Amino acid sequence: AQRVTQPEKLLSVFKGAPVELKCNYSYSGSPELFWYVQYSRQRLQLLLRHISRESIKGFTADLNKGETSFHLKKPFAQEEDSAMYYCALSSGTYKYIFGTGTRLKVLA
Amino acid sequence: GAGVSQSPSNKVTEKGKDVELRCDPISGHTALYWYRQSLGQGLEFLIYFQGNSAPDKSGLPSDRFSAERTGGSVSTLTIQRTQQEDSAVYLCASTFTPGGANTIYFGEGSWLTVV
């Protein structure tokens, strides 16, 4: 079955500390993976896509097919990074499957 | 429009009443999705439209839930005889070409509270 797992509901880190939000997936094909972010009182929006191999707002994510993971990382957290983060998988034709989300709190 | 637009943004309804939630996708986007967002459950897929047809409505939780789309644009999600467990944020998303590495764009959601 296709599934996205985010094991942490809440992650609290201090400003300037490294951040890693975990995402594991289950998919038999070749997945396309995304991270979406929802800041307070804003709509859910794309943060980054696996295919783009880009760094957005200092965040990066590497697809590890052996471990079926797509963890989101940032070396130095900022207070403005506090938000809800969702990992998502595109199953190919049209379906987007989301994880349960991780709330990141960056403490001053 | 500039983005996906949803209305109402907030709705409080009494248990047993029917509610309609509206989504106006980005102009030209043929694919439209409804998701439900609730605490601890993440984003739960409800239904997918391609044009006016719904090839996948597998996520609708019960027959009290229905959705339609007209003119390849606006979509309405209807919940009949609402129950307290229906309380959640209902999100609409759209995209021009679904699947693969293509992004879907979300509205701000309709926050439904059933009392």
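Glancing now at the side chain of B:Thr78. Residue and element names in this part refer to chain B. Looking at the secondary structure, you find Thr78 in strand β8 (residues 75-79). Look at Thr78 and you get buried, because its relative accessible area is 16%. Once residues lying within four places of it in the same chain are set aside, the contact partners of Thr78 are Val19, Glu20, Arg64, Phe65 and Ser66.

Once that is clear, we can look at the pattern of salt bridges. According to the stated counting rule, one finds seven salt bridges over all chains in the structure shown. One salt bridge connects A:Lys95 with B:Asp56, and the closest N-O pair in it is separated by 3.5 Å. Placement of the pair is A:Lys95 in the loop between β9 (83-90) and β10 (96-98) and B:Asp56 in strand β6 (residues 53-56), with the two residues belonging to separate chains. The class for B:Asp56 is buried, based on a relative accessible area of 7%. In this structure, B:Asp86 and B:Arg64 form a salt bridge, with 2.8 Å as the shortest nitrogen-oxygen distance. Of this pair, B:Asp86 sits in the loop between β8 and β9 (88-95) while B:Arg64 is found in the loop between β6 and β7 (65-69), placing the two residues 22 residues apart along the sequence. The pair formed by B:Asp86 and B:Arg64 is uniform in burial state, with each residue classed as buried.

For the rest of this paragraph, the subject is the sheet that holds strand β1 (residues 5-7) of chain B. Residues and elements named next belong to chain B. Spatial strand order, β1-β3-β8-β7: four strands in an open sheet with antiparallel pairing. In the strand order of this sheet, the two ends are held by β1 and β7, each with one partner. For this sheet the average axis-to-axis angle between neighbouring strands, irrespective of direction, equals 15°. With five bridges joining them, β7 and β8 adopt antiparallel strand pairing. Its bridge partner lying in β8, Phe65 is registered against Ile79.

Cis geometry marks the peptide bond from B:Ser7 to B:Pro8, where omega comes out at -10°. Within the secondary structure, B:Pro8 is located in the loop between β1 and β2 (10-13). Positive phi, normally seen in glycine, also occurs at A:Thr68, with a value near 45°. Residue position: A:Thr68 is located in the loop between β7 (60-61) and β8 (72-74). For B:Arg81, which is not a glycine, the phi torsion comes out positive at approximately 45°.

Here we take up the sheet that holds β7(A). All names here are of chain A. If you trace the three strands from one edge of the open sheet to the other, you get β3-β8-β7, paired in antiparallel fashion. The open sheet has two free edges, formed respectively by β3 (19-21) and β7, since each of these has just one partner strand. In this structure, β3 lies alongside β8, joined through three bridges in antiparallel fashion. Looking across to β8, one finds that Glu20 is bridged to Lys73.

On to the nonpolar core. Residue and element names in this part refer to chain A. Counting residues in each nonpolar core, the largest one holds 26 residues, and the members touching the most others are Trp35, Leu72 and Tyr85. Sorting elements by how many residues they give to this core places β9 first, with four residues. The residues touching Tyr85, leaving out its near neighbours within four places in the chain, are Gln6, Leu21, Trp35, Tyr36, Val37, Leu47, Phe59, Leu72, Gly101, Thr102 and Leu104.

The subject of this paragraph is the packing of aromatic side chains. Counted according to the given criterion, the structure contains 13 aromatic pairs over all chains. For the ring pair A:Phe59 and A:Tyr85, a centre distance of 5.6 Å and an interplane angle of 50° mean the geometry is tilted. One end of the pair, A:Phe59, is in the loop between β6 (45-49) and β7; the other, A:Tyr85, is in strand β9, with 26 residues separating them in the sequence. On the accessibility criterion, A:Tyr85 (0% relative accessible area) is buried. Measuring from ring centre to ring centre gives 5.7 Å for A:Tyr96 and B:Tyr33, while their planes differ by 80°; the resulting arrangement is edge-to-face. With one member in each of two chains, A:Tyr96 in strand β10 and B:Tyr33 in strand β4 (residues 31-38) form a pair that bridges those chains. The exposure class assigned to B:Tyr33 is buried, which follows from its relative accessible area of 0%.

Let us now look at the environment of A:Leu63. All names here are of chain A. Its place among the elements puts Leu63 in the loop between β7 and β8. Taking C-alpha positions, Leu63 is 9.5 Å from Arg53, a pair spaced 10 residues apart along the chain. If sequence neighbours within four positions are ignored, Leu63 has contacts with Tyr25, Leu33, His50, Ser69 and Phe70.

Rules and cut-offs
- Residues numbered from 1 in each chain as written.
- Chains lettered and ligands numbered in written order.
- Predicted model: local features only at pLDDT ≥ 70, side-chain atom pairs only at ≥ 80, totals over all residues.
- Heavy atoms only, no water.
- Helix = DSSP H or I, 4+ residues; strand = E, 2+ residues; numbered from the N terminus.
- Buried < 20%, exposed > 50% of the residue type's maximum accessible area, 1.4 Å probe, protein only.
- Contact = heavy atoms within 4.5 Å.
- Salt bridge = Lys/Arg side-chain N within 4 Å of Asp/Glu carboxyl O.
- Pairing = 2+ DSSP bridges.
- Axes fitted to C-alpha atoms, helices over the stretch in contact; angles between N-to-C directions.
- Core = buried A, V, L, I, M, F, W, Y, C linked by side-chain atoms within 4.5 Å.
- Phe/Tyr/Trp six-rings, centres within 6.5 Å; stacked < 30°, edge-to-face > 60°.

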